[in-house]
Amino acid sequence: MPVIKEGSVRVDLVGGTLDLEPINLILPNVVTLNVATGLKAKVRLEKNSLDGVEIISQDYNKTYRYYSSDFNQENLYSSDFFQEMTFICQILDLFEINSNLQVTLSSGAPAGSGLGGSSAMGVTLYSALCEFYGRAFDLNEAVLKVKATEGRILNQGIPGYQDYFPALAGGVLCIKGEAGKLVYEQLFTPQLKEWLESHVTLVYSGLSRDSGINNWEVYKGFFDKNPRIRAALTEIAKISHQAYQALKKQDYPELARLISEEGEARRQLAPNIAPVGIENLISKLSDQFSSLGFKMCGAGGGGCFILTHKPKDQAKIKELVQNFGMEILDFCVDDPIQYP
């Protein structure tokens with residue numbers, strides 16, 4: 001029987017970039033808050049008779065076929081042979097799988113969106129493989145193995161850990177990195193879901209971005225003792241902890257204020273966090289909506305951003321964003337996932 005799995009891509013509310021080790025251990029009270037959305041990475045696994053693996057990518061609209069002999073260390077550790085399927089094939093190699101398998105994939109998020117689509121795809125595939133082959137599944141082990149695999153492929157410094165958890169846990173998460181382990185706390189409530197969906201709009205700018213480069217510039221700047229980057233990350237850590245406390249108290253207006261404040265602090269990290277096209281849109285919207293908040297998703301530099309606003313302004317804001325040539329993505333908070 002086929003195995004079909006879905007895993008949410010995330011929207012980070014506050015605390016992105018703080019999920020880079022060991023920054024998360026150096027700054028005090030580090031938390032990252034994010035939301036599992038209704039945008040889903042999808043994986044379907046089924047047996048076939050091929051002496052190898054067939055991968056059907058719905059994102060690339062292409063089918064890839066690899067023979068079992070292709071899964072050798074020289075090919076796996078080079079980005080040239082498997083090309084855009086290198087990440088998928090390296091996850092298969094974690095299970096020593098190289099034959100009699102068909103994999104169908106879709107990422108659930110636009111390319112370069114800043115929503116962690118590739119990470120969600122990776123852990124969703126890992127979870128599906130565990131079920132398909134009857135292997136024990138451990139959430140933290142899945143995150144650590146897939147994160148390490150993605151870091152090796154990106155080859156642009158260490159990746160953060162926040163992107164993987166929403167696909168496996170759903171809901172609204174507070175994620176903390178502690179010495180030697182990663183922990184998450186589920187904060188989802190129906191009231192919070194309703195509030196977020198009416199007060200937050202998710203926009204895809206269509207502008208190009210490279211999260212690895214932005215993350216590496218910030219990471220390097222932090223350890224080079226760049227005072228601007230150190231100050232900005234320290235401020236982001238303080239705001240994120242305050243946002244966590246506001247969530248615990250169900251003080252949602254304070255949460256909205258802090259999301260916007262975190263977005264402002266994030267713009268101090270690098271000059272290209274919010275590209276000119278997005279800045280122009282925000283300037284026009286701010287002239288009309290006094291309560292508007294803005295925050296880039298992920299490492300910034302393009303891709304997606306969120307707007308916070310009053311519910312009565314949402315329809316007009318969406319209309320203006322679309323008139324500016326940008327796309328509104330469905331922002332639906334996914335329910336938590338319960339594991340035995």
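For the structure itself, consult the block above.
Residues numbered from 1 in each chain as written. Predicted model: local features only at pLDDT ≥ 70, side-chain atom pairs only at ≥ 80, totals over all residues. Heavy atoms only, no water.

**Some details on the packing of helix H7 (residues 190-199) against helix H10 (residues 252-266)**
Packed helix pairs are characterised by how far apart their axes lie and by the angle those axes make with each other. Running from N to C, H7 and H10 point in directions that differ by 45°, and their axes come no closer than 11 Å. When the axes of H7 and H10 are compared, the pair comes out oblique. Crossing geometry of H7 relative to H10 is assigned as right-handed. Where H7 approaches H10, its residues Gln 191, Leu 192 and Trp 195 are matched on the opposing element by Tyr 252, Pro 253, Leu 255 and Ala 256. For the contact of H7 with H10, the class distribution of residues is 6 nonpolar, 1 polar and no charged. (Axes fitted to C-alpha atoms, helices over the stretch in contact; angles between N-to-C directions. Helix = DSSP H or I, 4+ residues; strand = E, 2+ residues; numbered from the N terminus. Parallel < 35°, antiparallel > 145°, perpendicular 65-115°, else oblique. Left-handed = near helix turned anticlockwise from the far one by under 90°. Contact = heavy atoms within 4.5 Å. Nonpolar A, V, L, I, M, F, W, Y, C, P; charged D, E, K, R; others polar.)

**Some points on unusual backbone geometry**
The linkage connecting Glu 21 with the following residue, Pro 22, adopts the cis geometry, with an omega of 0°. Relative to the elements of secondary structure, Pro 22 occurs in the loop between strand S1 (3-14) and helix H1 (23-26). Positive phi values are uncommon outside glycine, yet Asn 155 reaches one of about 55°. Mapping Asn 155 onto the fold places it in the loop between helix H5 (139-154) and helix H6 (165-169). According to the relative accessible area criterion, Asn 155 is exposed, its value standing at 65%. Residues other than glycine seldom take positive phi values, yet Gln 250 does so here, at roughly 60°. (Buried < 20%, exposed > 50% of the residue type's maximum accessible area, 1.4 Å probe, protein only.)

**Observations concerning the sheet that holds strand S8 (residues 200-204)**
Read across the sheet, 4 strands follow the order S9-S10-S8-S11 without closing on themselves; strand pairing throughout is antiparallel. Of all strands in the sheet, those with a lone pairing partner are strand S9 (293-296) and strand S11 (327-329), marking the two edges. Pairwise comparison of adjacent strand axes, ignoring direction, gives a mean angle of 30° for this sheet. The pairing of S8 with strand S10 (residues 304-308) spans 5 bridges and is classified as antiparallel. Bridge assignment links Tyr 204 to a residue of S10, and that residue is Cys 304. Of the strands in this sheet, S8 and S10 are in contact with H7, which crosses S8 at around 55°. Against the sheet, H10 touches S9 and S10, its axis set at about 50° to S9. (Pairing = 2+ DSSP bridges.)

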